[in-house]
Amino acid sequence: MYDVIVIGGGPAGFTAGLYTSRAKLETLIIERAYFGGQMSIANQMENYPGFEGISGSLLADKMLKQAEKFGAKAILDEVVDLDLDSKIKKVITRSGTYEAKSVILCMGASPRKLGLPNEEKLTGSGVSYCATCDGAFFRDREVAVVGGGDTAAEDAIYLSRFCSKVYLIHRRDELRATKTLSDLILSNPKIIPVWNSVVEEIQGEYMVEGIRVRNIKTDDVTDIKLSGLFIAIGYMPNSQLVQGKVELTGDGYIKADENMQTNVPGVFVAGDVREKQLRQVVTAASDGAVAGSSAEQYLSKNKL
Ligand SMILES: Cc1cc2nc3c(=O)[nH]c(=O)nc-3n(C[C@H](O)[C@H](O)[C@H](O)COP(=O)(O)OP(=O)(O)OC[C@H]3O[C@@H](n4cnc5c(N)ncnc54)[C@H](O)[C@@H]3O)c2cc1C
């Protein structure tokens, strides 16, 4: 029996595990793929305080070691089901069932992909799903943003501060973003909307060199030379596991109060899978600290 089981071995999970293990709680972190979560594929991170530049995988390694140093146990396994109804929670994985007095949900989120042949290979080499993370690497370069919602509009505006030109590629002839954002886009001389268009090809062998765009109304094809492609067509929270078990928003993010408490007693959430504004390593770590501390208080108040 564990005091706390943390589901997900990304920055939120490692920080939650650090706080609970440091509080002398028996902690198990379960990760289904590879330790580190999304940041493992971030080549260079420049916005995690304390590190002017660090690779995501190195930071992940440091976070895991720090949690383990205080006694957290981390294993590779996939959680496939949960029973959260009683005081003692059951966590069912591919290899067995674990019991815990509290559970912290840190399953993260995955960016939606375009599904193009070169997309995965060039991720981190010009293809990015996070303008806040990677935009600064494209100073004075030409880039494109794909998407038409608020995130795509915000990304295009953000990138226009340091990129020389930002193409905004959208499959419709107007943005879905709010009117304020749309007006900012249309009045920004550095942003060039490419309406009724989809990206058909990402060009480049080792780095992004350009894209091929098809106008879906006219079928015309255009090649655009650029060095960065920011894909902003949404994120998918990894919350399927708790569907019908904890309260979710309409688009599947887990709802919580400011103590990271979900609507189920003893079940906490942290990181990108939570309903919130800014999804970054630093906010995932912050959530993890709060969730870990809340789990500790929950156990002590309930004398568990
Ligand atoms: C390419 C890239 C670059 C980025 N660059 C930066 C950057 O420079 N700066 C920055 O601050 N942020 C960056 N981010 C964003 C940052 O990585 C995320 O905000 C952060 O990783 C979220 O942490 P998390 O722990 O909530 O979730 P995640 O990192 O998504 O980790 C969740 C983990 O849970 C696991 N999991 C899911 N379901 C289960 C299950 N059923 N059983 C067991 N395990 C499960 C997943 O495998 C995953 O490892 C970047 C993201 C990407 C993709």
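A quick note: this is a predicted structure, and the numbers were derived from the prediction, not measured.

Caption draft 1: Structural detail: the domain arrangement of the chain. In terms of domain boundaries, the chain breaks down into domain 1 (2-110 + 235-301) and domain 2 (113-231). For domain 1 versus domain 2, the separation of C-alpha centres amounts to 32 Å. Residue-level contacts link six residues of domain 1 with five residues of domain 2. Looking at the side of domain 1 that touches domain 2 residue by residue, the class counts come to two nonpolar, three polar and one charged.

Caption draft 2: Summary view of unusual backbone geometry. At aspartate 219, a residue that is not glycine, the phi angle is positive and equals roughly 70°. Residue placement: aspartate 219 occurs in the loop between strand 13 (210-215) and strand 14 (221-225). A positive phi angle is found at methionine 260, which is not glycine, with a value near 70°.

Caption draft 3: Representation of the sheet that holds strand 15 (residues 228-231) in the model. Spatial ordering of the open sheet is given by 8-15-9-10-11, a layout of five strands whose pairing is parallel. Each of the sheet's edge strands pairs with one partner strand only, and the pair in question is strand 8 (127-128) and strand 11 (191-194). As judged from the four bridges shared by strand 10 (residues 165-169) and strand 11, these two strands associate in the parallel manner. Counted as the bridge partner of tyrosine 167 is isoleucine 192 from strand 11. Lying on the sheet, helix 4 (residues 150-160) is in contact with strand 9 (142-146), strand 10, strand 11 and strand 15; it crosses strand 9 at an angle near 170°.

Caption draft 4: Main features of the site of the ligand. Gly8, Gly10, Gly37, Gly108 and Gly271 are the nearest of the 38 residues found near the ligand. Those elements that provide at least two residues to the shell around the ligand are helix 1 (11-22), strand 2 (27-31) and helix 6 (281-301).

Calculation criteria
- Residues numbered from 1 in each chain as written.
- Predicted model: local features only at pLDDT ≥ 70, side-chain atom pairs only at ≥ 80, totals over all residues.
- Domains from an automatic or database assignment.
- Contact = placed C-beta atoms within 7 Å.
- Nonpolar A, V, L, I, M, F, W, Y, C, P; charged D, E, K, R; others polar.
- Helix = DSSP H or I, 4+ residues; strand = E, 2+ residues; numbered from the N terminus.
- Pairing = 2+ DSSP bridges.
- Axes fitted to C-alpha atoms, helices over the stretch in contact; angles between N-to-C directions.
- Near = placed C-beta within 6 Å.

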